[in-house]
Structures are given as structure tokens and as C-alpha cells.
Amino acid sequence: MGDKGKVKIDVSNVSKTFIGEYGQKIEALRNVSFKVYEGEFLTVVGPSGCGKTTLLKIIAGLEKPDEGYVKIDGKIVGGPVSGLGYIPQEFSLFPWRTVVENIEFGLEVNGVPKAERKRIVKRLIGLVGLEGFEKSFPKELSGGMKQKVAIARALAIDPIVLLLDEPFANLDAQTRSYMQREFLRIWHEHRKTVIFVTHHIEEAIYLADRIILLSSRPGRVKMELKINLPRPRIVTSPEFVNVRAKLLKELEEDFIKTFNM
Amino acid sequence: MSLNPLPNVWGIIIQIFYLIFSLIVVFCNLLVKGDIFGVNLLEHAAASLIRVGVGFAVAIVTAVPLGLLIGWNKKLSAATHPLIEIVRHIPPIAWIPFSIVFFGLGLFSSAFIVWLGAFFPILLNTASGVRNIGRAQIDVAITLGAKEKDLISKVVFPAILPEVITGMRVGLGVGWMCVIASEMIGLRKPVGLGFFVLEMQYLGRYLDMIAGMIMIGLIGLLLDYGLRFLEYRVLRWREEVGR
């Protein structure tokens, strides 16, 4: 599964420091390097505030790194990359557009003819299971359905990669695990390269081919872990619990160090 | 204190009914035959509406683009803030003498006052709308391939529309008050509801005066209904607008 295949995304020595509200320096990322291979499902796990979102924005070209670079398909990212499937945590749907109009946004701005758009949107509505809600506005949808629209909207442009920033963080536990299963099912259909950011360890292990563990601020790559468990994974299986314990231990050490406990 | 207050109470009630009845008669008369100069109340209303329409239209055309700029650009916003706050706190009515000096006694003089009254609510609401646009929506639009013109027409414009319309509603209300005031002070054109109300006071025709005031209120209500209808039609997607 993309193991040592073609390098799709190359993150090399990326560092980023922000200037805070009172002029203080906030070091978000320090020397972060990793590679993502074509068709791979990578999750980036780390405690809140470790610069995960910043990292994703740098990969998408929405932020510039102070040092280092990101390459997608061998090309250095210099500005906003168009043709990416970026899925933020929430509030990313266009509330003035219906489900269909949201999904076709990317096609519209890329000049895809109407008939073609209709065909693609219809297929995606079927794929994510939103039949019957085509003409609904986001306000009429549940949290899980909203994120399905966001996923479909990202897939509509046949993106180079999918970048997800804690997409299920605001869902209740049941919806969350349902959406994880759904997302894997959808992913199996197209096998896009995925970077999925989360602070939820179980979610990361459930989904990923490989996990990158970031330390707390400034975010550094602390650990890389391949997950070889067959899918669908069972969260209560001993193997799963083992991996979970290993990751938790790492995170906890980091936590204790940070807070001097 | 009267020992037997009953006759007085009845007297007052009868007087009130008589007054209301006379007012209705006067009002209808103004709509059918017109005032003592033969000018229909609707003509007065139309004159005021044209003035408010011109001022309001100019206010939209000027305030929305400027609001976009100010909302978008923090430096520009900080730089213009003191000026906006100073001018905003000069009541439009205080501008009437200035307006007469600059624009004379015509349509533009009134429209200028309306413009002043409507401009700031629209400007400030538009700017706040731009500031409140979700970062995530912009980021997603860019990564999906939206160019600058798409961002403006397909993200920024629909996103700020609710606040622009709110600004328009407030602005139109203020503008309507402004036109009446401008017609009362100085702009002695022989038509317009403000002119009519003041003229009727001078002539001692108090029922006509009150009928004119009622007309002002009714039109204000209708104008707001118009914009609320627009809001309802255009903003069906909003949480606040009924399903």
C-alpha cells in the first residue's frame, strides 16, 4: 500500500515561528521532515497546539515555512496549491449553497461544463450517501453529513492529495466512528494520498497506513510508526491495544516534560 | 376632584373617537382630493420617496465597495477609523445648512442628507461582514482552485450579503428620517411629506399635519417590509431565516 513507492509529498526541515498578539514568538514547528508515498494514508498525531494545523496549511501552500520546503510531485510549493482536497475541522461549507452547489464549487471555478459537473456530483452524492439531500442547505444537515459534503466537495476536483484537519473532532463518539468507517470505504474507492491530522490516537491507528507522532510545541517528529494491522481494524484487539499503548506512552512522556510534572 | 367623574370620562372617549374619525376623513380626503393647494398626499410621498431613493442608491453604491476595502485591509481600517467616527457622529440634520450652501434647494440637497444618513450603517455592516468571513471557507475555496474573482463573487459577496442587507435596513430607516428632516429645514420645495407636515402646522391645520405624520410612518413601515421581503428571499440559507 504505497510502501516505498513514488514519493508524493516531501516535507523537508520545515520550521515555522509566529509572532503572537503581544509580540512574543511562538515556535510552532521545528525541523519537521517526512515523506508521504503515492496512495498512502498518513495520519499526523500530536497534542493540541503542536502545530498540526500549521503543518497542513504549509503543505497546502496557505502558509509559508520560515525554513525548509514542501514538495508535491517533485515541485516545491511556493503559494496556495490549487487542486488539493483540503478539509478543515468545521465551518468550511458555504452555507449559501445547497449540498449539490457546495460539491460542485471546485468544478465551477475550474470551468468544468455543466453537464459534466452534474454527472460527477451525482456519482459523489451516491458515493458518500447523501441521496435525498441534494437541495438541502448546510443548516439542515447534521454534523456528520456536513463533513460528508466537505469530503465530496474535495473529491469532486479529483485532487492530487487529500488533506484533512481533524475533520471529525466535533462529532459525537458514535458519529465519529461511523464517519471513520465511511471515510475508509470512500478512500478504498479512489486510493488518494491522504494526510489526516488528528489528536485522537485511536482514530489515527484505526485509519492509517503510517503514523507520524508530533511532539508538543514546537512540533517535531517524535516517532514514525507503520500500522500493519489488516482492515477493518478492531479497536479492542490486542494488537490494536498494543500500538495504542506505545503511542500513548510516547505522548505522555512528552506531556510530562512540557508541563514539568 | 369631581364627585361624579362619569360624564367627563364619556366626554373624553367621545372626543377621542371623534378625533380618530375626523383624522380618517382628513386622511382619505388628502388621498382623494389633495391638500388645500390641491396637491395629493401621494404626490408629497412620491417626492420624498424619489429623494430618499436617490440618496439611498448612492449610499449603497459608495458604502459597499468602501466597506469591502475597509473590512479587508486592517491598515486602511485603522487609518480611516478616526475620520469615520468623527463624521458619523455629526447628525445628518446638522449637515443641512452645509448641503443648502453646496447643492442649493433641489433634489440633490435632500439626497445628500439621505446619503449621509444611510452611508454609515451600510459601510460599517459591510466591513464587519468582511471581517467575519470564515478563514476556512476562503482556504477551501483557494485550494479548490478559486481565483481572486471567484473568491469575490462566489465567497466574499454571498458571505457578507446578510450583513449588507442589515446595513441597508438600518440605513433606509435613517435615510427616511433624514429626508423628512431635510424637507422641514430649509428645503422649501412645495412638495414632500416633511414640507407638508410643517406647512400644515403653520396653517393651523393640525389634522392634516397628523395625517402627514401617519403617512410618514406608514411608508417607513412599507420600506422596511420591502427589505425584509428581500432578506427572506435572498437569505433562505441562513440559520435565522425560517425553513
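The rules behind the values
Residues numbered from 1 in each chain as written. Chains lettered and ligands numbered in written order. Predicted model: local features only at pLDDT ≥ 70, side-chain atom pairs only at ≥ 80, totals over all residues. Heavy atoms only, no water. Salt bridge = Lys/Arg side-chain N within 4 Å of Asp/Glu carboxyl O. Helix = DSSP H or I, 4+ residues; strand = E, 2+ residues; numbered from the N terminus. Buried < 20%, exposed > 50% of the residue type's maximum accessible area, 1.4 Å probe, protein only. Phe/Tyr/Trp six-rings, centres within 6.5 Å; stacked < 30°, edge-to-face > 60°. Lys NZ or Arg CZ within 6 Å of the ring centre and 35° of its normal. Contact = heavy atoms within 4.5 Å. Buried area = accessible area lost by both parts, 1.4 Å probe. Polar contact = N/O pair within 3.5 Å; in protein donor to acceptor, adjacent residues only side chain to side chain. Nonpolar A, V, L, I, M, F, W, Y, C, P; charged D, E, K, R; others polar. Pairing = 2+ DSSP bridges. Axes fitted to C-alpha atoms, helices over the stretch in contact; angles between N-to-C directions. Parallel < 35°, antiparallel > 145°, perpendicular 65-115°, else oblique. Left-handed = near helix turned anticlockwise from the far one by under 90°. pLDDT = per-residue confidence, 0-100.

(A) Region of interest: the pattern of salt bridges. Residue and element names in this part refer to chain A. Within this structure, the stated rule accounts for 30 salt bridges over all chains. Across the pair Lys6 and Glu38 runs a salt bridge whose closest N-O atoms are separated by 3.3 Å. Note that Lys6 is positioned in the segment before β1 (7-19) and Glu38 in the loop between β2 (25-37) and β3 (41-45), a separation of 32 residues in sequence. Looking at Glu38, the relative accessible area reads 35%, which means it is partly exposed. Residues joined in a network through salt bridges with shared partners are Lys6, Lys8, Glu38 and Asp73.

(B) Local environment of the packing of aromatic side chains. Going through the model one piece at a time under the given rule, you end up with 17 aromatic pairs over all chains. With 5.0 Å between their ring centres and 35 degrees between their planes, Phe103 of chain B and Phe112 of chain B make a pair best called tilted. Residue classification places Phe103 of chain B among the partly exposed positions, given a relative accessible area of 39%. On the basis of relative accessibility, which here comes to 15%, the residue Phe112 of chain B falls in the buried class. Counting every residue linked through ring pairs, the aromatic cluster contains Trp95, Phe98, Phe102, Phe103, Phe112, Trp115, Phe119 and Phe120 of chain B. The ring of Phe94 of chain A carries Arg153 of chain A above its face, with NZ or CZ at 4.9 Å from the centroid. The ring of Trp187 of chain A is capped by Arg191 of chain A, whose NZ or CZ atom sits 4.7 Å from the centre of that ring.

(C) Focus on the interface of chain B and chain A. Facing the 23 residues of chain B at the interface are 29 residues of chain A. Note on chain B versus chain A: buried area summed over both sides is about 2,200 Å², and carbon and sulfur give 64% of it. For chain B, the biggest contributors to the area lost against chain A are Thr143, Leu144 and Trp237 of chain B; these three give 33% of the whole. Linking chain B with chain A are two salt bridges, by the criterion used here. In this structure, Glu108 of chain A engages Lys154 of chain B in a salt bridge whose closest nitrogen and oxygen atoms are separated by 2.8 Å. Our count for the chain B to chain A interface comes out at nine residue pairs in polar contact (both at pLDDT 80 or more). Every element with two or more residues in the side of chain B that touches chain A is listed here: α6 (135-143) and α7 (148-184) of chain B. If one sorts the elements of the side of chain B that touches chain A by residue count, α6 of chain B sits on top with eight residues. Of the residues contributing to the side of chain B that touches chain A, the split by class is eleven nonpolar, four polar and eight charged.

(D) Main features of helix α1 (residues 52-59) of chain A. All names here are of chain A. With seven of eight residues buried, α1 lies mostly within the body of the structure. All of the buried residues along α1 are Lys52, Thr54, Leu55, Leu56, Lys57, Ile58 and Ile59. Positive backbone phi, approximately 80 degrees, marks Gly61, located one or two places after α1.

(E) Region of the structure containing unusual backbone geometry. Residues and elements named next belong to chain A. Cis geometry marks the peptide bond from Arg217 to Pro218; its omega dihedral reads -5 degrees. Along the polypeptide, Pro218 turns up in the loop between β9 (210-214) and β10 (221-226). A positive phi angle, close to 50 degrees, is found at Asp73, a residue other than glycine. Structurally, Asp73 is set in the loop between β4 (67-72) and β5 (75-76). Note on Asp73: relative accessible area 33%, which makes it partly exposed.

(F) Looking closely at the sheet that holds β4 of chain A. Spatially, β2-β1-β4-β5 (chain A) is the arrangement adopted by the four strands of the open sheet, whose pairing is antiparallel. Only two strands of the sheet have a single partner each, and these edge strands are β2 and β5 of chain A.

(G) Representation of the sheet that holds β9 of chain A within the structure. All names here are of chain A. If you walk across this open sheet you meet the six strands as β6-β7-β8-β3-β9-β10, and the pairing is mixed. Strands with a single pairing partner mark the edges of an open sheet, and in this sheet they are β6 (85-87) and β10. When strand polarity is set aside, the average angle formed by the axes of neighbouring strands in this sheet is 15 degrees. Strand contacts of helix α5 (residues 143-156): β6 and β7 (161-165), with the helix running at about 165 degrees to β6, the strand carrying the most contacts. Against the sheet, helix α6 (residues 173-190) touches β3, β7 and β8 (193-198), its axis set at about 165 degrees to β8.

(H) Expanded view of the packing of helix α2 (residues 41-72) of chain B against α7 of chain B. Residue and element names in this part refer to chain B. Relative orientation of the contacting elements α2 and α7 amounts to 140 degrees, with a least axis distance of 9 Å. When the axes of α2 and α7 are compared, the pair comes out oblique. In the crossing of α2 with α7, the sense of the turn from one axis to the other is right-handed. Contact residues: Ala47, Ser48, Leu49, Arg51, Val52, Phe56, Ile60, Val64, Leu68 and Trp72 in α2; Val156, Ile160, Val164, Met168, Gly171, Leu172, Gly175, Trp176, Val179 and Glu183 in α7. Partitioned by chemical class, the residues of the contact of α2 with α7 number 15 nonpolar, three polar and two charged.

(I) Region of interest: the confidence of the model for chain A. Of the residues in chain A, 97% reach a pLDDT of 70 or more, and the chain-wide mean stands at 90. Ranking the helices and strands of chain A by mean pLDDT puts helix α2 (residues 99-103) of chain A first, with 96, and helix α8 (residues 238-259) of chain A last, with 84.

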